[in-house]
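Notes for the structure review
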Amino acid sequence: MLYNSTQNKGAVVSSATAIAQGISKDGGLFVPQSFPKLSLNTLKNMLFMTYQERAKIVFSYYLTDFSEDEIADCVDKAYTKKKFDFEEPTVLSSVNYHGNELNILELWHGPTSAFKDMALQILPHLLTKSMKKTNDGKTAVILVATSGDTGKAALEGFKDVKDTKIIVFYPQNGVSPMQKHQMTTQEGNNVYVCAINGNFDDAQTAVKTIFTDPKMNEILADNNMMFSSANSINFGRLLPQVVYYISAYCDMVNKGKINLGDKINVVVPTGNFGNILAGYYAYEMGLPVNKFICASNSNNVLTDFINTGVYDKNRQFYTTISPSMDILVSSNLERLLYKLSGDNDTLTKEWMTKLKTDGKYEVTDEVKEKMSSLFYGSFCDDTKTKSTISELFNRCSYLCDTHTSVAVTVYNEYVAKTGDKTPCVIDSTASPYKFAKSVLEAISKDDIPSDEFDMVSKLNSVTKVSVPKPLASLKGKVPRFKDVTEKEDMQDVVLSALGIK
Ligand SMILES: *Cc1c(COP(=O)(O)O)cnc(C)c1O
C-alpha cells in the first residue's frame, strides 16, 4: 500500500513516511492510492473478534511496511483497560427517542474523555515506529492546533514519549474551562502549551504555515529534529478511526439490530471532517452504509457545501456550546474531494488554492452529485442543542454532551424529513462532563455554580451519571502553562519552546 498527496500524485510514499511527515511538502494531504476491500466474509469473521483484533486486521491492510508484531505492539499498548474505562474502548448504547432507535457509539471512554483518544492513544506508537523506519535518531516535533479536545488528547498520548516533543496552541477564548484546565495542567517533560489571541482557524492556518515553511524546516533539521502532526491531517490519526466504524457495524450485527450485509446510516457531529471521513473510508472498503449524515452547529459551512457544491468560508464565525465543531475550514474535506473527483490532484489543488486566496471554491457537478447521493448535511443552533440534551435525558435517562446532541438533533430532523428509517449509528464524541456548564444549563433550572468542578459535582448530583476518573482527578491541580501569544509570533514561540532560540 502506497500513499500519495492530494495535490501531487507524483509524491508517492510509504505509510511510515506519510505518518512521520504528517503532511506532504506540496501542502497536500497523504491518501492511500487505493482502498483495500472488506468482503462480507471478512466482516463475518470479525463478528467474533475483540475490538483490538479487529483493529489489527484493518491496520494490516494499510500499514504494509509494518510487521504483524509491530502492529500488534501498537494496538496492544493503546487500547488497554488501564487507559480506557472497559476492556473494549468503545460502547454502543441504544435508546428509543421519539420512536427512533438511536444506536449511540460512545467514543469517549479514554483518558481525556473525548473521542480523540481513539486515535491519539495509538498515534505516538505508530509515529515512533514510523520515525525509526524513515528518520532514525531524529526528534519528532508535534505541532498541534486545537479547538480543545485534540490538544489534551495529543498531550496525553505523547507525554514523555521518547524522541518526541509536543507543542499545543489553542484559541484563548475558544475552549471550555475544563478543556483549558486539562491542557494547562498537563504533566510531562516534553510538552508545551500556549494560548493564542485568535480562533481555531487562525491557529490551524498558522500551524500549517509553520509546517511547510522551508526556513523553519531547515532550522529544525540543523537541530536534528523534524516536524510532524497529530492533527487529523496526519493519516495516522484517520486510520484508527476507520476501525471503530467497522467494529460498530459488527456490534450492530451481534446485537441483532441488523443482518450482516444490511446498510446503516452513520451520523457524525462534524468539525474538521476527520471523523466522518474515516467513516467514508470504511465505506470505500465495502462497509454497507446508506447515508452519512454530517451534523454541524451554527458554523454551517459544510451544510451549505453539501447542499450547493459551493464552499464559502467568508461568513460570520460563531462561538458555540459545541466548541470542538467551531470550524470554518474543514481540512479533511480535501481528502473527500480528491476521491470524489476521481483522484484528481490538479482539481484538488485548484480548489484548495482558491480557498486560500478567495476563501471560496465551487466543485464540479459530478462531484456535487456524488457527494449529495451519499452525504446529507444539516445543522442546529445552541438552543436546539440544549433542548435535545434535556429531552433525551428526561425521556430516555440518557445524558449526552453538546456535540453528540447536535448529531441527535440533526438525525431526528433527517428522519422526520425523509422517513428514512435505516438503522443508524450516531457517534458520541465527548463525555457530558467535559461541557458541564452547558449540559447543566440544559437540564437544570437551578443556579449554576461558577467553579468548573462545582459544576461537575452539581451535574453528578442532578443526573447520578458517574464522573470520568481523569476529569475528577484534575480538581485542585495548578496550571503549569499560562503563556498567550499573538498569531504572528507563533514561529518564535515554537523555536523558544524547542530551546533553539
Ligand atoms: C474533534 C471533535 C469533533 C469534530 O470531529 P472532526 O473529526 O474534527 O470532524 C466533534 N466533537 C468533539 C467532542 C470533538 O472533540
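Above: the structure in question.
Residues numbered from 1 in each chain as written. Predicted model: local features only at pLDDT ≥ 70, side-chain atom pairs only at ≥ 80, totals over all residues. Heavy atoms only, no water.

**Remarks on the overall build of the protein chain**
- Within the protein chain one finds 22 helices and 16 strands.
- Taking 2.2 N^0.38 as the reference for a compact globule, 501 residues should give roughly 23 Å; the C-alpha atoms of the protein chain span a radius of gyration of 21 Å, in line with that estimate.
- Residues classed as buried in the protein chain amount to 62% of the 501 residues present.
- Intrachain contacts of the protein chain at a sequence separation of at least 6 include 75% that bridge at least 24 residues.
- Accessible surface, the protein chain as shown: approximately 18,400 Å² in total, 48% of it carbon and sulfur.
- If you average the places of the 54 positive and of the 58 negative side-chain charges in the protein chain, the two averages end up 2 Å apart. (Helix = DSSP H or I, 4+ residues; strand = E, 2+ residues; numbered from the N terminus. Rg over C-alpha atoms; globule rule 2.2 N^0.38 Å. Buried < 20%, exposed > 50% of the residue type's maximum accessible area, 1.4 Å probe, protein only. Contact = heavy atoms within 4.5 Å. Areas by Shrake-Rupley, 256 points an atom, 1.4 Å probe, with all protein chains shown as cover. Lys, Arg positive; Asp, Glu negative; His and termini not counted. Charge placed at Lys NZ, Arg CZ, Asp CG, Glu CD.)

**Quick word on the side chain of asparagine 412**
- Here asparagine 412 shows up in helix 18 (residues 402–418).
- Exposure remark for asparagine 412: the relative accessible area of 15% places this residue in the buried category.

**Examining the packing of helix 12 (residues 274–284) against helix 14 (residues 333–340)**
- Two numbers describe how helix 12 lies on helix 14: the axes approach to 10 Å, and their chain directions differ by 30°. Between helix 12 and helix 14, the angle is such that the two are roughly parallel. As helix 12 runs across helix 14, the sense of the crossing is left-handed. Here Leu277, Tyr280, Tyr281 and Glu284 of helix 12 come into contact with helix 14, specifically with Arg335, Leu336, Lys339 and Leu340.
- Class assignment of the residues belonging to the contact of helix 12 with helix 14 gives a composition of 5 nonpolar, no polar and 3 charged. (Axes fitted to C-alpha atoms, helices over the stretch in contact; angles between N-to-C directions. Parallel < 35°, antiparallel > 145°, perpendicular 65-115°, else oblique. Left-handed = near helix turned anticlockwise from the far one by under 90°. Nonpolar A, V, L, I, M, F, W, Y, C, P; charged D, E, K, R; others polar.)

**A short note on the sheet that holds strand 1 (residues 3–5)**
- Ordered in space as 2-1-3, the 3 strands form an open sheet in which the pairing is antiparallel. Of all the strands in the sheet, just strand 2 (8–13) and strand 3 (30–32) have a single pairing partner and so form its edges. Going across the sheet, the axis of each strand differs from the next one's by a mean of 40°, ignoring polarity.
- Summarising the sheet, strand 1 and strand 3 pair through 3 bridges and their orientation is antiparallel. Residue pairing across strands places serine 5 opposite phenylalanine 30, the latter belonging to strand 3. (Pairing = 2+ DSSP bridges.)

**Focus: the sheet that holds strand 10 (residues 264–269)**
- Reading across from one edge, 4-5-15-10-11-14 is the order of the 6 strands in this open sheet, with mixed pairing throughout. The open sheet has two edge strands, strand 4 (91–97) and strand 14 (375–379), and neither has a second partner. Pairwise comparison of adjacent strand axes, ignoring direction, gives a mean angle of 25° for this sheet.
- Bridge count between strand 10 and strand 11 (residues 289–296): 6 bridges; the pairing is parallel.

**Comments concerning the pattern of salt bridges**
- Tallied over the full model, the rule gives 23 salt bridges.
- We note a salt bridge from lysine 133 to glutamate 70, for which the minimum N-O separation is 2.8 Å. Taken together, the residues lysine 133 in helix 6 (residues 123–134) and glutamate 70 in helix 4 (residues 68–78) connect sequence positions 63 residues apart.
- A salt bridge links aspartate 73 to lysine 77, with the shortest nitrogen-to-oxygen separation between them at 3.0 Å. One end of the pair is aspartate 73 and the other is lysine 77, both in helix 4 and 4 residues apart, which spans about a single turn.
- A single salt-bridge network, built from bridges that share partners, covers Asp73, Lys77 and Lys129. (Salt bridge = Lys/Arg side-chain N within 4 Å of Asp/Glu carboxyl O.)

**Overview of the nonpolar core**
- If you look at the biggest cluster of nonpolar residues, it comprises 133 residues, and the most contacted ones within it are Phe59, Phe169, Ile246, Tyr361 and Phe375.
- At 13 residues, the largest contribution of residues to this core is made by helix 11 (residues 235–254).
- Among all residues touching tyrosine 361, those that are not within four sequence positions of it are Phe305, Gly309, Val310, Tyr311, Leu333, Leu337, Trp351, Met352, Lys354 and Leu355.
- Judged by nonpolar contacts, the second largest core, of 39 residues, contains Cys380, Cys396, Ala407 and Ile443. (Core = buried A, V, L, I, M, F, W, Y, C linked by side-chain atoms within 4.5 Å.)

**Details of the site of the ligand**
- Residues in contact with the ligand amount to 15 residues; listed here are only the nearest, Lys116, Asp149, Gly271, Asn272 and Asn275.
- Note that an oxygen atom of the ligand is positioned 3.1 Å from one of the backbone N or O atoms of phenylalanine 273.
- One nitrogen or oxygen atom from the side chain of threonine 429 is found 2.9 Å from a nitrogen atom belonging to the ligand.
- Relative to its unbound accessible area of 390 Å², the ligand is 97% covered by the protein chains.
- Taken together, the residues that form the shell around the ligand break down as 5 nonpolar, 8 polar and 2 charged. (Near = heavy atom within 4 Å. Polar contact = N/O pair within 3.5 Å; in protein donor to acceptor, adjacent residues only side chain to side chain.)

**Thoughts on the state of the cysteines**
- Applying the stated criterion across every chain, the model contains 0 disulfides.
- Free cysteine cysteine 250: the closest other cysteine sulfur is in cysteine 424, separated by 17 Å.
- A relative accessible area of 0% places cysteine 250 in the buried class.
- Free of any disulfide, cysteine 380 has its nearest neighbouring cysteine sulfur in cysteine 400, separated by 10 Å. (Disulfide = S-S within 2.5 Å.)

**Brief notes about helix 20 (residues 452–463)**
- Compared with the 16 Å implied by 1.5 Å per residue over 12 residues, the 16 Å span of helix 20 between its first and last C-alpha is a close match.
- In this structure, the buried residues of helix 20 make contact with helix 8 (177–184), helix 17 (382–396), helix 19 (436–443) and helix 21 (469–472).
- Capping of helix 20 at its N-terminal end is provided by aspartate 451; its side-chain oxygen lies 2.9 Å from the backbone amide nitrogen of phenylalanine 453.
- Within two residues after helix 20, lysine 464 carries a phi angle of roughly 65°, on the positive side. (Expected span 1.5 Å × (residues − 1).)

**Some remarks on the environment of cysteine 400**
- Inspection of the secondary structure assignment puts cysteine 400 in the loop between helix 17 and helix 18.
- Look at cysteine 400 and you get buried, because its relative accessible area is 2%.
- Residue contacts for cysteine 400: discarding those within four places in its chain leaves Ile389, Leu392, Ser405, Pro432 and Val439.

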